[in-house]
Amino acid sequence: MQDINNFNCPNCNSTNFINKTTIGKKNTNGPYKNVYSEIQCSECFMDIPSNLSENIEKINLDKCRKLWNDVYKPAHTLEAAKCSKCFRYYWDIEKYLFESNIPTKDIFYQVYSPKKGVGSLVCKICDPSAFK
Ligand SMILES: [Zn+2]
Ligand SMILES: [Zn+2]
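The rules behind the values
Residues numbered from 1 in each chain as written. Chains lettered and ligands numbered in written order. Predicted model: local features only at pLDDT ≥ 70, side-chain atom pairs only at ≥ 80, totals over all residues. Helix = DSSP H or I, 4+ residues; strand = E, 2+ residues; numbered from the N terminus. Buried ≥ 20, exposed ≤ 12 C-beta atoms within 10 Å, placed from the backbone. Contact = placed C-beta atoms within 7 Å. Core = buried A, V, L, I, M, F, W, Y, C linked by C-beta atoms within 7 Å. Domains from an automatic or database assignment. Pairing = 2+ DSSP bridges. Axes fitted to C-alpha atoms, helices over the stretch in contact; angles between N-to-C directions.

Draft legend 1. Expanded view of the overall build of the protein. The helix and strand inventory of the protein stands at two helices and five strands. Order of helices (α) and strands (β) in the protein, N terminus to C terminus: β-β-β-α-α-β-β. Across the 132 residues of the protein, 23% fall into the buried class. Within the protein, contacts between residues at least 6 apart in sequence are counted, and of these 50% link residues at least 24 apart.

Draft legend 2. Geometry of unusual backbone geometry. In this model, Asn101 sits at a positive phi of 60°, which is unusual for a non-glycine residue. Relative to the helices and strands, Asn101 is located in the loop between helix 2 (90–99) and strand 4 (108–113). If you check the backbone angles, Asp106 has positive phi at about 50° while not being a glycine. Tracing the sequence through the fold places Asp106 in the loop between helix 2 and strand 4.

Draft legend 3. Examining the nonpolar core more closely. Grouped together as the largest cluster of nonpolar side chains are twelve residues: Phe7, Cys9, Phe17, Ile39, Cys41, Phe45, Met46, Ile48, Leu52, Cys64, Trp68 and Tyr72. For this core, the secondary structure elements donating two or more residues are strand 2 (37–41) and helix 1 (61–79). In terms of residues, this core owes the most to one element, helix 1, which gives three residues. Residues in contact with Ile48, not counting those within four places in the same chain, are Cys9, Pro10, Asn11, Glu38, Ile39, Cys41 and Ser53.

Draft legend 4. Region of interest: the domain arrangement of the protein. Once the domains are mapped, the protein shows domain 1 (17–79) and domain 2 (90–131). Taken over C-alpha atoms, the centre of domain 1 sits 23 Å from the centre of domain 2.

Draft legend 5. Structural context of the sheet that holds strand 3 (residues 47–49). With respect to topology, three strands assemble into an open sheet ordered 1-2-3, the strand pairing being antiparallel. Two strands close off the open sheet at either side, each with one partner strand: strand 1 (17–22) and strand 3. Adjacent strand axes in the sheet meet at a mean angle of 30° when their direction is disregarded. Pairing analysis gives three bridges linking strand 2 to strand 3, with the strands arranged antiparallel. Counterpart to Gln40 in the pairing with strand 3 is Asp47.

Structure, rendered in structure tokens:
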């Protein structure tokens, strides 16, 4: 885990986080093109771009909140991992599991979907037996 001096979640205002991850250069367009790392909030379980949440000066917190809600969150939601059965997003699933004292590691498995030619995700809430 990398050192984080100061985290402020623009989504839920928490100052507690789980960890920071570096993200590859997968986005060449849109708001995420300048995002190199994300910090996962331990309250809302969202992955938040570190440029909106790490070492932000107090006077800029409102600006970051607005940017997150208006620009980054809609983009993040479009790309976010989502269960194909219950349509929960990863953060809803992790929060639910966490509150039920179930480990939040490995929350999805993939099933092949011939129609789309890619795997669809099924979550640990929908099919807990698959994770035993
Ligand atoms: Zn949060
Ligand atoms: Zn599900």
